[in-house]
There are 2 protein chains.
Amino acid sequence: MAIALATENGGTQRVEVIEGGRALAMSSDDGECRRFHAIWLRDNALDDSTRSPQNGQRLVTLQQIPADTRIAAAALQGDELQVTFAPEQHSTRFPLAWLWRHGYDGAAPREAGWTAPEIETWDASLSAEVPEGRYDAVAAGGAARRDWLAQVRRYGFAKLSGGPAESGALVTVAGFFGFVRETNYGKWFEVRAEVNPTNLAYTGLGLQAHTDNPYRDPVPTLQILYCLENSAEGGDSFVVDGFHAARCLRDEDPAAFGLLTRYCARFDYAGSAEVHLAARRPMIELNPDGEMIAVRFNNRSAAPITDVPYHEMEAYYAAYRRFGEIIEDEGLQVSFKLQPGECFIVDNTRVLHARHGFSGEGSRWLQGCYADKDGLLSTLRVLEEAAS
Amino acid sequence: MAIALATENGGTQRVEVIEGGRALAMSSDDGECRRFHAIWLRDNALDDSTRSPQNGQRLVTLQQIPADTRIAAAALQGDELQVTFAPEQHSTRFPLAWLWRHGYDGAAPREAGWTAPEIETWDASLSAEVPEGRYDAVAAGGAARRDWLAQVRRYGFAKLSGGPAESGALVTVAGFFGFVRETNYGKWFEVRAEVNPTNLAYTGLGLQAHTDNPYRDPVPTLQILYCLENSAEGGDSFVVDGFHAARCLRDEDPAAFGLLTRYCARFDYAGSAEVHLAARRPMIELNPDGEMIAVRFNNRSAAPITDVPYHEMEAYYAAYRRFGEIIEDEGLQVSFKLQPGECFIVDNTRVLHARHGFSGEGSRWLQGCYADKDGLLSTLRVLEEAAS
């Protein structure tokens, strides 16, 4: 039963109730078809009795919608589709563009390790154009803040330059997009050489590229490292795209990639008296549909791996070694030496950071803090929606 | 080459270098065998050149350990095993009990939906003995705090009674084990009926059992709800073990359980001006080895599901409906009405909470805040280790 012909985006769309009212099909004039089930449509109705007009939250539960919901009628009303559901006799309208955008006919299995479209993986060639913002401009908000945050979303890291060389300034930076996640290390922590370090970060040792706190669950999803002094010899920072490294591993040895996604590693930290953190998660984490969502890599806090069966352990260790070699490849590294008043932010679920060892007469003093991605992405969405 | 016979825990253990030095095997007199690869042993060496004696962190990377590491020699020294690795000629000792405890021969696939041994799932019968602590005792620390936190780990929720009916007291409760996670809702938020609610929680409506903020990634892993006033009619709270509900679904319909684990749902919140949060995660989340690690269920913030292919969507919706029915089953609910000065804490990755609608002359005023499990479990481990 064909019920409507609409013109949208310059094309013709045909809408048809199918499967005896269990679904409807929209098709464009170039032959693409998007189908929607009656129960999906009813659950996602946009009207004021289904969604609160004040805050957009759904007012009904799925249990309040009859299981045998069918499409009783459908009719075009301008650029909206009016749909009436039986047995409720509930009538509601969907913008055709909204429906088209939410089509799920294209949902299909993809190769393990795919990443979200807003992400762009990178290697050392990004050194030519390091993602960066200016403190004052980002502080002012608007387009400069939006663009800086969009770089963090796209590349998983960005520098911020021209800030004050003042203790605690990193908390102000976190406030540009969200909230500090306080932990046992404090609201923020001092990264400098100490006499009795509770963590190897608080020494002059070089640190292999790593993600922070994999022994924490949930891991902090963002980290800010803010420079106050950096006159010591050495102490350069570099970052590596863990998603790119994982994909390199997948492309050269899919079985090795599979081992690091399929088995959990363990991480542990008990470096100070009142703390014993532990977590059990894979080094490369995928959503169940194969989307790559997190990398955990940290030689300092890796605990004995006991969840890999004996017959796979040597292959697992070979995969772990190869992943580390890829991460240590200079062809993947973007390096910089922070100056006082400069900082960088990393997506700690994706981008590894490292430092070269430092020593000598000068001093190196950074402050670090954690924050979370949900707040950053929310702020970015709001800025983008305001601009569109 | 059998190299040692040891007595430990009353039993005899035989240690043998196998596979030409690529591994060693420990066997107990009842025939159980645990094997360890040379590379695993070397990486997990406990000596001061491998692990910092100050903070326990590993000082070497896997890349610094030769890939062809073999066991050159092994010898019993009391209740320790001395192992020498080639080609490094690195010699180190492992306590036999440590080795036995870290064996990975038993690592094997398990049925999807298994839970960690420290977790006990429950239903309404737990109402007879609701997990609870006394504010003053838990505040004092020691065994009372340990036992209260152990209940949270085991059951995913616990009440705390006898606290002050004072605004902000919930932050003190969070300090008993960790740190508040600040969000756009503030360090804490007021849960009471408002005129222009930015969230349906801030009305007198009943709320279906749900986990909080599934539109956030990472979700807050703990929530505290603290009662300041509760003289309104209704407004009782109840909790449901989401892991138990998910396992009920698995046991009656494994395919339905599989659908909710295999496909991502979507969640969205844009209820106030400066916020637009969104996440894409499964309703039932498993580690890659099948461990159940999180449940997300919230009708108010569920966004259109677009990651399930057309041919599976009706079955997915049927599974989602059935999961909701199980969650609404009174046989799974533990109910209570909070009194002023009482609060409860839930593991927000596992236990759903709900409230009945309220109205009438009296008032209902709760305060809520978020915190994270890693801090709670760390504090609990430290208290347990101090007691052992």
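Right, let's walk through the structure included here. (Residues numbered from 1 in each chain as written. Chains lettered and ligands numbered in written order. Predicted model: local features only at pLDDT ≥ 70, side-chain atom pairs only at ≥ 80, totals over all residues. Heavy atoms only, no water.)

1. Focus on the interface of chain B and chain A
- At the interface, 99 residues of chain B touch 99 residues of chain A.
- Buried area between chain B and chain A, both sides added, is near 8,000 Å², and the carbon and sulfur share of it is 52%.
- For the chain B face of the interface with chain A, the top three residues by lost area are B:Gln57, B:Tyr310 and B:Arg321, together amounting to 11%.
- The interface formed by chain B and chain A contains 10 salt bridges.
- A:Arg280 is the partner of B:Glu291 in a salt bridge, and the nearest nitrogen-oxygen pair spans 2.8 Å.
- Where chain B touches chain A, the interface holds 42 residue pairs in polar contact (both at pLDDT 80 or more). (Contact = heavy atoms within 4.5 Å. Buried area = accessible area lost by both parts, 1.4 Å probe. Salt bridge = Lys/Arg side-chain N within 4 Å of Asp/Glu carboxyl O. Polar contact = N/O pair within 3.5 Å; in protein donor to acceptor, adjacent residues only side chain to side chain.)

2. Description of the sheet that holds strand E19 (residues 333–336) of chain A
All names here are of chain A.
- With antiparallel pairing, four strands are arranged side by side in an open sheet as E11-E21-E14-E19. Pairing within the sheet leaves two strands with one partner each, and these edge strands are strand E11 (207–210) and E19. In this sheet, neighbouring strand axes are inclined to one another by 20° on average, regardless of whether the strands run parallel or antiparallel.
- With five bridges connecting them, strand E14 (residues 237–241) and strand E21 (residues 351–355) associate as antiparallel partners. When the sheet's bridge partners are listed, Ser237 is paired in E21 with Arg355.
- Here helix H6 (residues 242–252) sits on the sheet and contacts E14 and E21; the angle it forms with E14, its principal contact strand, is near 50°. (Pairing = 2+ DSSP bridges. Helix = DSSP H or I, 4+ residues; strand = E, 2+ residues; numbered from the N terminus. Axes fitted to C-alpha atoms, helices over the stretch in contact; angles between N-to-C directions.)

3. Concerning the relation of the copies chain B and chain A
- Rotating chain B by 180° and translating it 0.0 Å along the rotation axis places it on chain A, where the RMSD comes to 0.0 Å. In short, the pair behaves as if placed about a two-fold rotation axis. (Least-squares fit on C-alpha atoms with pLDDT ≥ 70 in both.)

4. Brief notes about the packing of helix H6 (residues 242–252) of chain B against helix H8 (residues 310–328) of chain B
Residue and element names in this part refer to chain B.
- Close contact between H6 and H8 brings their axes to 9 Å; oriented N to C, the two are set at 125°. By the criterion of interaxial angle, the relationship of H6 to H8 is oblique. With respect to the hand of their crossing, H6 and H8 are arranged in right-handed fashion. In contact with Gly242, Ala245, Ala246, Cys248, Leu249 and Glu252 of H6, H8 contributes Ala319, Arg322, Phe323, Ile326 and Ile327.
- Of the residues belonging to the contact of H6 with H8, the class tally is eight nonpolar, one polar and two charged. (Parallel < 35°, antiparallel > 145°, perpendicular 65-115°, else oblique. Left-handed = near helix turned anticlockwise from the far one by under 90°. Nonpolar A, V, L, I, M, F, W, Y, C, P; charged D, E, K, R; others polar.)

5. Some remarks on the sheet that holds strand E14 (residues 237–241) of chain B
All names here are of chain B.
- In space, the four strands of this open sheet follow the order E11-E21-E14-E19, with antiparallel pairing throughout. Only two strands of the sheet have a single partner each, and these edge strands are strand E11 (207–210) and strand E19 (333–336). Between one strand axis and the next, the sheet turns by 20° as a mean value, whatever way the strands run.
- The sheet strands contacting H6 are E14 and strand E21 (351–355), and the helix crosses E14 at an angle near 50°.

6. A short note on unusual backbone geometry
Residues and elements named next belong to chain B.
- Here the bond from Ala86 into Pro87 is cis, since omega is 5°, no more than 30 degrees from zero.
- Relative to the elements of secondary structure, Pro87 occurs in the loop between strand E6 (80–86) and strand E7 (90–95).
- The omega torsion across Asp217 and Pro218 is 10°, close enough to zero to call that bond cis.
- For Pro218, the position within the fold is in the loop between E11 and strand E12 (222–230).

7. Here we look at the layout of surface pockets
- Its boundaries defined by the atoms lining it, the second largest pocket holds a volume of some 420 Å³.
- Elements represented by at least two residues in the lining of the second largest pocket include exactly helix H7 (254–262) and strand E17 (284–286) of chain A together with helix H7 (254–262) and strand E17 (284–286) of chain B.
- Here the residues of the lining of the second largest pocket are counted per class, giving eight nonpolar, seven polar and five charged. (1 Å grid on protein atoms, 1.4 Å probe; cavity = no way out; pocket = protein on both sides within 12 Å on 5 of 7 lines; lining within 4 Å. Points joined across faces, edges and corners; volume = space filled by probe spheres on them.)

8. Looking at the side chain of B:Thr349
Residue and element names in this part refer to chain B.
- Following the sequence through the fold, Thr349 ends up in the loop between strand E20 (343–347) and E21.
- For Thr349, a relative accessible area of 8% puts it in the buried group.
- Apart from the residues within four sequence positions on either side, Thr349 is in contact with Val219, Thr221, Phe243, Ile293, Ala294, Val295 and Lys373. (Buried < 20%, exposed > 50% of the residue type's maximum accessible area, 1.4 Å probe, protein only.)

9. Details of the environment of B:Arg364
Residue and element names in this part refer to chain B.
- Take Arg364: it is sitting in strand E23 (residues 364–371).
- In this structure Arg364 comes out as buried when scored by relative accessible area, which is 6%.
- Distance in space between the C-alpha atoms of Arg364 and Leu228 is 7.7 Å, their sequence separation being 136 residues.
- Apart from the residues lying within four places of it in its own chain, the contact partners of Arg364 are Val191, Arg192, Glu229, Asn230, Ala232, Gly235, Ser237, Arg355 and Phe358.

10. Re the pairing of strand E18 (residues 292–295) of chain A
Residues and elements named next belong to chain A.
- Bridge count for E17 against E18 is three bridges, and the pairing is antiparallel. Within the sheet, the bridge partner assigned to Glu285 lies in E18 and is Ala294.
- Hairpin connection between E17 and E18: a loop of five residues separates the two successive antiparallel strands, and Gly290 in this loop has a positive phi of roughly 95°.

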